[in-house]
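# Examination of the molecular architecture
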Amino acid sequence: MAVQTRVKPAKTDSAKAEKHAGLSRDTLIRLYRTMYLSRKLDDREIQLKRQNKIFFQISSAGHEAVTAVMGLLLRPGVDWLYPYYRDRALCLMLGITPLEMLLQSVGAAEDPSSGGRQMPSHWGHAKFNVVSKSSCTGTQFLHAVGAAEATLYYEHHPKALSQAKKAPLGSLAKNAPEEIVYVSGGEGATSEGEFWESLNAACAKKLPLLYLIEDNGYAISVPVEVQTAGGSISKLVQSFPGLHVAECDGTDPIASYAVCQEAVNYCRERRGPALIHAHCTRPYSHSLSDDEKLYKVPEEREQEAHRDPLSKFALFLVREGVLDQKQIEAIEAQVEHEVRQAADTALAAEPPEVASILANVYSPDVDPTASAFEAQAQLHGAPKTMVEMVAATLNDEMSRDERITVFGEDVADASREENLKEVKGKGGVFKATAGLQRKYGSTRVFNTPIAEAAIVGRAIGMAERGLKPVPEIQFFDYIWPAMMQIRDELCVLRWRSNGAFKCPMVIRVAVGGYLTGGAVYHSQSGESIFAHCPGLRVVMPSTALDVAGLLRTAIRCDDPVMFLEHKHLYRQPYNRSEYPGPDFTIPFGKARVVKEGSDVTIVTYGAFVHRAEVAAAQLQREGISAEILDLRSLSPYDWDSIAASVGKTHRVVVAYEDMLSWGYGAEIAARIADELFDQLDAPVKRIAAVDTFCAYQPKLEDVILPQSQNVIDTVKLLLEY
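Throughout what follows, the structure given in this document is the object of discussion. (Residues numbered from 1 in each chain as written. Predicted model: local features only at pLDDT ≥ 70, side-chain atom pairs only at ≥ 80, totals over all residues. Heavy atoms only, no water.)

### Quick look at the sheet that holds strand β16 (residues 592-595)
- Read across the sheet, 5 strands follow the order β16-β18-β17-β20-β21 without closing on themselves; strand pairing throughout is mixed. Two strands lie at the open edges of the sheet, namely β16 and β21 (685-689), each paired on one side alone. Here the average twist between neighbouring strands, direction ignored, is 25°.
- Two strands pair when backbone bridges link them, and strand β17 (residues 600-604) and strand β18 (residues 626-630) are joined in this way by 5 bridges, in the parallel orientation. Paired with T601 across the bridge in β18 is E627. (Pairing = 2+ DSSP bridges. Helix = DSSP H or I, 4+ residues; strand = E, 2+ residues; numbered from the N terminus. Axes fitted to C-alpha atoms, helices over the stretch in contact; angles between N-to-C directions.)

### A word on the nonpolar core
- Within the largest apolar cluster, 87 residues are counted, with the highest numbers of intra-cluster contacts made by L209, Y211, I486, I642 and I672.
- No other element matches the 9 residues that helix α6 (residues 140-156) contributes to this core.
- Setting aside its immediate chain neighbours within four residues, I672 contacts W639, I642, V646, V652, V654, F677, L680 and V684.
- Counting residues in each nonpolar core, the second largest holds 66 residues, with L74, L90, A278 and C280 among its members. (Core = buried A, V, L, I, M, F, W, Y, C linked by side-chain atoms within 4.5 Å. Buried < 20%, exposed > 50% of the residue type's maximum accessible area, 1.4 Å probe, protein only. Contact = heavy atoms within 4.5 Å.)

### A word on the side chain of R282
- Along the chain, R282 falls in the loop between β7 (274-279) and α12 (298-306).
- Here the side chain of R282 touches I220 through a polar contact of 3.0 Å, landing on its backbone oxygen.
- Looking at R282, its side chain comes within polar contact range of the side chain of Y295, at 2.7 Å.
- For R282, the residues in contact, after removing those within four places along its chain, are A61, R86, N216, Y218, I220, D290, E292, Y295, K296 and E304. (Polar contact = N/O pair within 3.5 Å; in protein donor to acceptor, adjacent residues only side chain to side chain.)

### Points about helix α7 (residues 158-166)
- A160, L161, Q163 and A164 are the residues of α7 that are buried. The arc that holds every buried residue of α7, seen down its axis, measures 165°, which confines them to one face. Among the exposed residues of α7, those pointing more than 90 degrees away from its buried face are P158 and K166.
- As for α7, its buried residues are in contact with α6 and α15 (386-400). (Arc of directions from axis to C-beta.)

Have a look at this one:
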């Protein structure tokens, strides 16, 4: 709002500049104009929302001062930014235009942040290295850690940067001297575990990462003393080693500038991470879906109004003789005209085409199902187990592509490198990464804290910068802390940014039961949950040869891939293979015909493939011919092979290790019944685990998990139908 004051302007002199934290008159005016522009855009969006011309609004009011200052200090298109939804003034200062912001508000096709897919104030702009933000609270802190790790990685691995530039979206592969990564969030977001996991990693690795915590006293309706023990996040983080911590009045641009400049310099000088605790205010409700009058008393709201950065700064500029009242009013009139014009243009913009909804769910540049990934194996050497094949394939791919980093819990040979002279090294609890750190060094293969969300979140940030991370989740049973990172960030980034950003990676996960003692927490499956996530490829090989071909395809494709490695199969003698060579790949979505047959089709995957083979051998002795399809790839899956086999046998069993109800096989069974009903001579049958948990006692495990005898009994039942 315009400031009505008639304070007599003072004379300016060279001492004034020093008094104003070294900021020139032009810079001070630019700050005010940006702050006012931010507020007027908020006000215009509020008006449009009330007119039902836009569909959501959340404002940056009260945060304009410190974020505009931060925009002065950060370098557009050089530094990397993970701003949150109250950073409008920052984004304006970087160069994002009012029209671009309002195009997002109306959901226009031309919206550069998302093409109409994201809510307003979810900033994203590839030109300025502003990485697309989700609505999740606190997830961005870990992405920023990964991005800062990429900054240091490229400084030591220039070949990786060169390779990243040649990959799809190679324009995002950049590295500049003294670049830093900026991440912001509200004080409420610091209650999320991801915030603390990010601080732990950032301080341990001394990353050039700048945190701006914008504390307006509330997380929607929850006040700071309820949200944060002691009511001060900066006091809580003081003990993190190497972390520069400072507080500032986030409603005062001059005071904020000095504090922010010191923190930025600290990061640019590679002294470690910095955290600024900026005390802001929130003169508007959390969003238009909220009414702060329901929980703030009038006296509190009046006190907050006195701290409004806009009115305070305008008064300051007049008192200091930087501007007089007429000059301020002229700036405000110019801004209001600019906002009106931008709004009129945005309201006339075309919405996205309905046909665009499937664009950028997956990479438009690399199709892992294509024939280009069909390759002949050049078998040589002694037969390898499945786990040995993982290590051999990773070794070849790391040799070929310096962008690849491997990390997780216990994956390194030894974190204390000096110990490698005396010890053999661990290389993973299953030895799947043995020797990789010793060969490629600790910048490419390293251990992480026990923090699954951090493992995946950091990998996302690395991948956004052009690296190709291959993180490991040690056991599938413990993947759940990372679920938000996987479902709401990893899978969605390419789509929500309309193809402006991506995060291809391979998450290797040891999965499954049949361990004789694995019990509840080392036997879980649950692959259907991840197959249900658009944007994520899900693969589950059953042989060593398929591990080599599918893992290489996973690394070379341009999408995030969950690579499920069944623990029971790691060292089985029946699925060994000679090494197929460094260029052997297998397309996703192409099933393997394990055994041809004519009486019944068994569709399966993972550890149950061998059990199906055992059952089929017994059935064959009884004169029953079973065909076995190993899907290998679960998303996408090979529907054409399923349809062809069912068309031949007219009977089908879908067998899978996970629980029967709502399991992966239910989708296959439903589609067969839906599309192939006229080819069936009997109902579709499913074989799966009992709807309970896997027990430690082996006799109970044998009953809970499906066995070969279940296949034999079910096939005979089908043939009698």
